[in-house]
Amino acid sequence: MKVSFNINGEQKTVEVSDGNSPLLWAIRDGVGLKGTKFGCGKAACGACTIHVDGNAVRSCSFPVRMAEGKEITTIEGLSNDGVLHPVQQAWMDEVVPQCGYCQPGFMMATAAMLDKIPNPTDEDIDNNIINVCRCGTYYRMRKAIHRAAELNTKKNNSESTQ
Amino acid sequence: MKKNTILFTMITFLLIGIITIGSSFSDNDFAIDQENNPLTAPHFDENESKAAFDKMMTVLEHKRCVNCHPSGAIPRQGEDSHLHNFDVKRGEAGQGLAAYSCNTCHSDQNNDYSGVPGAPHWSLAPEEMAWEGKTRIEIATQMMDSKRNGGRSHEDIMHHLTEHELVLWAWNPGVDAEGNPREKPPVPKDEYIQAVKQWIELGAVIPSE
Ligand code: FES
Ligand code: FES
C-alpha cells in the first residue's frame with residue numbers, strides 16, 4: 001500500500017507491504033531521515049519520538065497506515081529556516097548529550113510538552129518526559145528543559161509584539 | 001339473552017381491570033417496577049439469572065478488563081497486573097498526561113511489531129469505575145449505579161458491555177513485547193455476550209452473595 005504524509009513541510013509517499021509496520025521504518029528507510037532513532041522497538045525508551053499532528057508519538061509503535069494525510073515532524077524539522085528551536089538551543093547551552101543516541105527523542109518529547117505546558121514544573125517534567133537515557137543525562141536535561149521553556153516564552157513574547 | 005349477559009359481565013370486568021391498573025401505576029411506576037423489582041416479574045428465574053451473572057462477572061473480573069479499571073492513578077498491565085511501566089499516569093480524562101498520553105504508544109489496533117496493545121478509544125475507566133480489589137458484587141453494584149456509571153441505563157450498560165470495541169478487545173488481545181499471546185477471558189465472547197444480555201433482560205439482579 002501507499003501512504004502519503006507531510007514530513008517536515010515536504011509531501012512524501014512511501015510504499016509499504018504491511019500498513020501496520022512501524023512509521024519509524026518508513027521515516028528512516030523510506031524517507032531516508034536518520035535522526036529519529038531505533039532504541040527498543042517496544043514503545044519503552046522514547047528514542048523514536050516524533051510529532052504527529054503536534055502530538056508526541058513513539059514511531060516504533062505507530063502503524064504507518066495511520067500516518068496517511070498527517071503532519072509529521074522529526075528532529076530534522078524542529079528548527080525553522082535555520083533558526084534553532086528553543087529546545088535545540090537550550091540543549092546546546094546546557095551541553096546535554098553524552099553519547100547522544102537518546103537525545104532526538106527527548107528533544108521531540110520536550111518540544112511537544114512545551115506546546116502544551118509552556119512553563120513546566122519539575123513534577124510536570126517527571127510526569128511527561130519519561131524517555132530513557134542510558135548515559136544518565138537526566139540532570140542536565142532537566143536544566144535544559146527549564147531553559148528551553150524560558151527561551152520559548154521569550155520567543156513567543158517577541159513574536160507577539162512584532 | 002344469556003349470551004348477552006355473559007358478554008356484558010366480561011366487558012365490565014375488563015373495564016374495571018383496565019381502570020384499576022391505570023390508576024395504580026403511572027408510566028414511571030411501571031418502569032421502576034420493571035427495572036428495580038425484577039423479582040416480581042413472572043419470567044424471573046433466580047438460578048438462570050445467577051448463572052448469567054456469574055458468567056458475565058468471570059469476564060469482568062479478568063485482568064484484561066481490570067487492568068484498565070485500576071483503583072489508583074496508574075494503569076495495570078500484563079498477566080500479573082503489575083503497575084504500568086514507565087510511571088504512566090491516568091491524567092484528568094483517563095487518557096494520560098498532556099504530553100504523554102495513552103496514544104503516544106497505543107493506537108487503534110494491537111501492534112504486533114512493538115507488542116503494544118491497541119483498540120479504538122484506548123483509555124482508562126474513570127476512577128468511579130475502579131474495579132481493582134473489589135468483589136464481583138461490589139463491581140456489579142457500582143456498574144449498575146447510574147450515579148457512578150455516568151447516568152447509564154441498563155440498556156446503555158448492555159450495549160457498552162456487548163458492543164464497545166475496547167471491551168471486546170479482551171478477546172483479541174494480541175501479543176506482548178516478547179511475542180507471547182496475551183491471555184483471553186476464560187469465557188468465549190459469544191457466551192459472554194449472551195450472558196450479559198440474559199442477565200440484564202432478567203432484570204440485572206445482583207445476587208446477595
Ligand atoms: S524505539 Fe520506540 S520507544 Fe524505544
Ligand atoms: S546520551 Fe547516551 S543514551 Fe542518552
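Conventions and cut-offs
Residues numbered from 1 in each chain as written. Chains lettered and ligands numbered in written order. Predicted model: local features only at pLDDT ≥ 70, side-chain atom pairs only at ≥ 80, totals over all residues. Heavy atoms only, no water. Buried < 20%, exposed > 50% of the residue type's maximum accessible area, 1.4 Å probe, protein only. Helix = DSSP H or I, 4+ residues; strand = E, 2+ residues; numbered from the N terminus. Contact = heavy atoms within 4.5 Å. Phe/Tyr/Trp six-rings, centres within 6.5 Å; stacked < 30°, edge-to-face > 60°. Domains from an automatic or database assignment. Salt bridge = Lys/Arg side-chain N within 4 Å of Asp/Glu carboxyl O. pLDDT = per-residue confidence, 0-100. Patch = residues over 30% accessible without salt bridge, like charges linked within 9 Å, V, L, I, M, F, W, Y side chains within 5 Å. Areas by Shrake-Rupley, 256 points an atom, 1.4 Å probe, with all protein chains shown as cover. 1 Å grid on protein atoms, 1.4 Å probe; cavity = no way out; pocket = protein on both sides within 12 Å on 5 of 7 lines; lining within 4 Å. Points joined across faces, edges and corners; volume = space filled by probe spheres on them. Nonpolar A, V, L, I, M, F, W, Y, C, P; charged D, E, K, R; others polar. Axes fitted to C-alpha atoms, helices over the stretch in contact; angles between N-to-C directions. Parallel < 35°, antiparallel > 145°, perpendicular 65-115°, else oblique. Left-handed = near helix turned anticlockwise from the far one by under 90°.

**Q** Can you tell me about helix α5 (residues 136-144) of chain B, naming the residues and giving the values?
**A** Within α5(B) the residues assigned to the buried category are B:Ile139, B:Ala140, B:Gln142, B:Met143 and B:Met144. If you follow the buried residues of α5(B), they end up packed against α3 (46-60), α6 (154-163) and α8 (189-201) of chain B.

**Q** Run through the packing of aromatic side chains, naming residues and quoting values.
**A** Both the distance between ring centres and the angle between the ring planes are used here to describe each pair of aromatic rings. All names here are of chain B. By the definition in use, this model includes five aromatic pairs over all chains. When the centroid spacing of 5.5 Å and the interplanar angle of 50 degrees are considered together, the rings of phenylalanine 53 and tryptophan 199 count as tilted. With a gap of 146 residues between them, phenylalanine 53 in helix α3 and tryptophan 199 in helix α8 connect regions that are remote in the sequence. Judged by centre distance (5.0 Å) and plane angle (90 degrees), the ring pair of tryptophan 122 and tryptophan 169 falls under edge-to-face. In this pair, tryptophan 122 sits in the loop between β2 (82-83) and α5 while tryptophan 169 sits in the loop between α7 (165-168) and α8, placing the two residues 47 residues apart along the sequence. On the basis of relative accessibility, which here comes to 10%, the residue tryptophan 122 falls in the buried class.

**Q** Residue-level account of the domain arrangement of chain A, with values.
**A** Residue and element names in this part refer to chain A. Assigned domains of chain A: these are domain 1 (2-77) and domain 2 (86-160). Averaged C-alpha coordinates put domain 1 and domain 2 at centres separated by 21 Å. With 18 residues of domain 1 at the interface, the matching set in domain 2 holds 13 residues. On inspection of domain 1 and its partner domain 2, the count reaches zero salt bridges.

**Q** Kindly report on unusual backbone geometry, identifying the contributing residues and their values.
**A** Residue and element names in this part refer to chain B. A positive phi angle, near 65 degrees, is found at histidine 121, a position not held by glycine. With respect to the helices, strands and loops of the structure, histidine 121 is situated in the loop between β2 and α5. Classification of histidine 121 by relative accessible area gives exposed; the value is 54%. Positive phi, close to 55 degrees, is recorded for alanine 204, a residue that is not glycine. Along the polypeptide, alanine 204 turns up in the segment after α8. With a relative accessible area of 10%, alanine 204 lands in the buried category.

**Q** Talk me through the side chain of B:His62; I want residue IDs and the actual numbers.
**A** Along the chain, B:His62 falls in the loop between α3 and α4 (63-66). When neighbours within four sequence positions are excluded, B:His62 is seen to be in contact with B:Glu183, B:Lys184, B:Pro185 and B:Pro186.

**Q** Outline the confidence of the model for chain B, listing residues and values.
**A** Detailed reading of the predicted coordinates is not advisable wherever pLDDT is low. All names here are of chain B. Mean pLDDT over chain B stands at 84; residues scoring 70 or higher make up 79%. Across residues 12-34, where pLDDT falls below 50, the model places four contacts with residues more than four positions away in sequence or in other chains. Complex prediction metrics read pTM 0.80 and ipTM 0.84.

**Q** Give me a nonpolar patch on the surface: which residues, what numbers.
**A** A cluster of nonpolar residues, A:Trp25, A:Phe38, A:Tyr101 and B:Tyr113, forms a patch on the protein surface that exposes about 400 Å² of accessible area. Structurally, the position occupied by B:Tyr113 is in the loop between β2 and α5. For B:Tyr113, a relative accessible area of 34% corresponds to the partly exposed category.

**Q** Provide a residue-level description of the pattern of salt bridges, including the pertinent values.
**A** According to the stated counting rule, one finds 21 salt bridges over all chains in the structure shown. Across the pair A:Asp122 and A:Arg142 runs a salt bridge whose closest N-O atoms are separated by 3.3 Å. Note that A:Asp122 is positioned in helix α4 (residues 122-128) and A:Arg142 in helix α5 (residues 138-161), a separation of 20 residues in sequence. Residue A:Asp122 is classed as partly exposed on the basis of its relative accessible area, which comes to 35%. One network of salt bridges, in which partners are shared, links B:Lys50, B:Asp54, B:Glu61 and B:Arg136.

**Q** An account of empty space enclosed by the protein is requested, with residue identities and associated values reported.
**A** In the structure shown here, the tally under the stated rule is one cavity of 30 Å³ or more. Its boundaries defined by the atoms lining it, the largest cavity holds a volume of some 30 Å³. Together, A:Thr49, A:Ala56, A:Arg58, A:Ala109, A:Asn128, A:Asn131, B:Ala99, B:Tyr100 and B:Thr104 line the largest cavity. Looking at the lining of the largest cavity residue by residue, the class counts come to four nonpolar, four polar and one charged.

**Q** Which residues make up the packing of α6(B) against α8(B), and what values do they have?
**A** Residue and element names in this part refer to chain B. Put simply, α6 and α8 touch, their axes get as near as 10 Å, and they point 175 degrees apart. The orientation of α6 with respect to α8, classified from their angle, is roughly antiparallel. Residues His154, Ile157, Met158, Leu161 and Thr162 of α6 pack against Tyr192, Ile193, Val196, Lys197 and Ile200 of α8. Tallied by class, residues from the contact of α6 with α8 come to seven nonpolar, two polar and one charged.

**Q** Account for the packing of helix α2 (residues 86-93) of chain A against α5(A), naming residues and giving values.
**A** All names here are of chain A. Their axes nearest at 8 Å, the elements α2 and α5 cross at an angle of 135 degrees. In terms of orientation, α2 and α5 fall into the oblique class. Seen along the crossing, α2 lies across α5 with a hand that is right-handed. Residues Pro86, Val87, Gln89, Ala90, Trp91 and Asp93 of α2 pack against Met141, Ala144, Ile145, Arg147, Ala148, Leu151, Asn152 and Lys155 of α5.

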